[in-house]
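Remarks on the overall topology
If you want the building blocks of each chain, they are given just below.
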Amino acid sequence: MSNFIYVDGQYYRKDNARVFVNDRGYQFGDSVYEVVLFRNNIFYDFEDHIHRLRRSLKSLDFNLNKSDKVLFLICKYLIKLNKISFGSVYIQVSRGVFDRDHSFNKMKLSPVLVIITKNNKTDFLRNATGINAITLNDTRWKYPDIKTTQLLPNVLAKTEANRKNAEEAIFLDDKGFVTEGSSSNVWILDNNDNLFTRNLDGSILPGITRKTIFECAKLNQIKIIEKKFTQKELYNAKEVFISSASSFVTPVNRVDNKKIGNGEVGFFSKILRKTYFEIFE
Ligand code: PMP
């Protein structure tokens, strides 16, 4: 039985082990992990796993202030506490705990280390006789239309935007078409005053605000065309704005340091922003 779990410096009984709601691992999937097999007092490939853990941490721009030796000792002690002779240790490190914000730019964070053990005896006996498998398209993670907390790419994008003195990152698909913002839908007005937003083709979140903007546009006799547009069309737009429940209708004045229109808030953005608030009040 695995009864003890290590959380951030202490060993807790399973039922008392807790992480904070504002842990970025929980909020954003902003965490990394490793699983190391353990049998008869021996960790399998411990060093390689820790090496990969460090690489994962480094790639995501955070760190764990524990040496390999200390990690090893914690795992070893936990195995002993849990009286396991054949099992796995799950080593999880989240970026830390802080008030919710996609961007971790300038956040003072201490990574949180959690180690959980699992007994492998049953699995070992079960899979010795072989298993079945199926094939599936590799869709990891290609469901941006589902609002999950698996927000790591969004988190990294927003942080990069902030570091470049911008407030939002706009994603492009592999053909160079705009999908959406890291936490918003994107809209452009072309030079013929056509308002475009990408169609709901599974590559964007069907924004609730986006939907309401259709009503706002109708009230103002503005026609919306749901169609994907390119990065070039974005740059050359007369107006660009983003929409979300937390940003409402927010005009975008510059993209990649290029001025949109004359670099000031456009007429359509202003009207739609105003109508958005009016229809609820
Ligand atoms: N796209 C993404 C990726 C988002 O995170 C959000 C905000 N949740 C939106 C679009 C806009 O959705 P909504 O208008 O429902 O807030």
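The residue count restarts for each chain, going from 1 along the sequence in the order it is written. Local features in this predicted model are restricted to residues of pLDDT 70 or higher, and side-chain atom pairs are both shown and tallied only at a pLDDT of 80 or more, whereas totals for entire chains, interfaces and linings draw on every residue. To obtain the side-chain values, all non-hydrogen atoms of the structure were used and water was disregarded.

**Some thoughts on the overall build of the protein**
Helix and strand definitions follow DSSP, with helices as H or I runs of at least four residues and strands as E runs of at least two, each counted in order from the N terminus. Along its length, the protein carries 8 helices and 15 strands. For a compact globule the rule gives 2.2 Å times the number of residues to the power 0.38, and the radius of gyration it is set against comes from C-alpha atoms. The C-alpha atoms of the protein give a radius of gyration of 24 Å, which is well past the 19 Å a tight globule of 281 residues would have. If one aligns the C-alpha atoms of the protein with their principal axes, the spans along those axes are about 75 × 45 × 35 Å. Taken across its 281 residues, the protein has 39% of its residues classed as buried. Considering only contacts within the protein whose residues lie at least 6 apart along the sequence, 66% involve residues at least 24 apart. The Shrake-Rupley method, run with a 1.4 Å probe, gives the accessible areas here. Residue values count only the displayed protein chains as cover. Counting every atom, the protein has about 17500 Å² of accessible surface; 52% of that belongs to carbon and sulfur. Counting 43 positive and 32 negative side-chain charges, the protein places the centres of these two groups 5 Å from one another. Here the term buried applies to any residue with accessible area under 20% of the maximum for its type, exposed to any over 50%, and partly exposed to those in between, with areas from a 1.4 Å probe on protein chains only. Contacts are residue-level and defined by heavy atoms, with any inter-residue pair within 4.5 Å sufficient. Positive residues here are Lys and Arg, negative ones are Asp and Glu, while His and the chain termini are left out of the count. The location of each charge is read from NZ of Lys, CZ of Arg, CG of Asp or CD of Glu.

**What about the sheet that holds strand 9 (residues 185-189)?**
An order of 11-10-9-12-13 is seen for the 5 strands of this open sheet, with the pairing classed as mixed. If you trace the sheet from one side to the other, it starts and ends with strand 11 (224-226) and strand 13 (248-252), each paired once. Taking the axes of each pair of neighbouring strands and ignoring which way they run, one obtains an average angle of 30° across the sheet. Where strand 9 and strand 10 (residues 195-197) come together, 3 bridges link them in antiparallel fashion. Looking across to strand 10, one finds that Leu189 is bridged to Leu195. The pairing criterion is simple: DSSP has to find at least two bridges between the two strands. Axis angles are defined between N-to-C directions and span 0 to 180 degrees, where every axis is a line fitted to C-alpha atoms and, for a helix, only to the segment in contact.

**Describing the site of the ligand**
The near set for a molecule or strand comprises every residue that places at least one heavy atom within 4 Å of it. The environment of the ligand is formed by 15 residues, the closest being Lys147, Glu180, Ile208, Thr209 and Ala245. With respect to the ligand, the backbone of Ile208 contributes an N or O atom lying 2.8 Å from an oxygen atom. Polar contacts, as counted here, are pairs of nitrogen or oxygen atoms within 3.5 Å of one another; within protein the pair requires one atom able to donate a hydrogen and one able to accept it, and residues that are adjacent in sequence qualify only if both atoms are side-chain atoms. The contact in question runs from an oxygen atom of the ligand to an N or O atom on the side chain of Thr209, over 2.7 Å. Protein burial of the ligand: of its 390 Å² of free accessible surface, 88% is covered by the chains. When residues of the shell around the ligand are traced back to their parent elements, those giving at least two are strand 8 (178-181), helix 6 (208-219) and strand 12 (239-244).

**Looking at a nonpolar patch on the surface**
Residues Trp141, Tyr143 and Ile146 make up a contiguous nonpolar surface patch of roughly 290 Å² in combined accessible area. With respect to the helices and strands, the residue Ile146 is situated in the loop between helix 4 (121-127) and helix 5 (152-163). Using a relative accessible area of 44% as the deciding quantity, one classes Ile146 as partly exposed. Grouping into patches uses exposed residues only, defined as over 30% relative accessible area, and leaves out salt-bridged ones; the cut-off is 9 Å for like charges and 5 Å for nonpolar side chains (Val, Leu, Ile, Met, Phe, Trp, Tyr). Here, a salt bridge means any side-chain nitrogen of Lys or Arg that lies within 4 Å of a carboxyl oxygen of Asp or Glu.

**Topic: the pattern of salt bridges**
When the charged atoms of two side chains with opposite charge come close together, those side chains can pair. All chains considered together, the criterion is met by 14 salt bridges. Here Asp30 and Arg24 are joined by a salt bridge, their closest N and O atoms 2.8 Å apart. On the basis of relative accessibility, which here comes to 1%, the residue Arg24 falls in the buried class. Between Lys164 and Glu160 there is a salt bridge whose closest N-O contact spans 2.8 Å. By relative accessible area, which is 43% here, Glu160 ends up partly exposed. Connected through shared salt-bridge partners, Arg24, Asp30 and Arg95 make up one network.

**Regarding the nonpolar core**
The biggest cluster of nonpolar side chains holds 25 residues, and the ones touching the most others in it are Phe43, Leu53, Ile91, Val93, Leu113 and Ile115. Taken together, the elements giving at least two residues each to this core come down to strand 1 (4-7), strand 3 (31-39), helix 2 (46-59), helix 3 (68-81), strand 5 (86-94) and strand 6 (112-119). When residues of this core are assigned to their parent elements, the largest contribution, 5 residues, is made by helix 3. Each nonpolar core is a collection of buried residues, namely Ala, Val, Leu, Ile, Met, Phe, Trp, Tyr and Cys, held together in the definition by side-chain atoms within 4.5 Å.

**Brief notes about the side chain of Asp190**
If you trace the backbone, Asp190 turns up in the loop between strand 9 and strand 10. Looking at Asp190, its side chain comes within polar contact range of the main-chain nitrogen of Asn192, at 2.9 Å. A polar contact is formed between the side chain of Asp190 and the backbone nitrogen of Asn194, at a distance of 2.8 Å. Excluding its chain neighbours within four sequence positions, the residues that come into contact with Asp190 are Phe196 and Lys238.

**So, helix 8 (residues 267-278)**
Owing to its 3.6 residues per turn, the α-helix aligns residues three or four sequence positions apart on the same side. Helices are assigned an expected span. That span is 1.5 Å times one less than the residue count. Relative to the 16 Å expected for 12 residues at 1.5 Å per residue, helix 8 spans 16 Å between its end C-alpha atoms, a close match to the ideal helical length. Of all the positions in helix 8, only Phe268, Ser269, Leu272, Thr275 and Tyr276 are classed as buried. When helix 8 is viewed along its axis, its buried side chains cluster within an angular range of 135° and face the same direction. Opposite the buried face of helix 8, by more than 90 degrees, sit the exposed residues Phe267, Lys270 and Lys274. Those residues of helix 8 hidden inside the fold are in contact with strand 9, strand 10, helix 6, strand 12 and strand 13. By construction, the arc corresponds to the directions joining the helix axis to the C-beta atoms.

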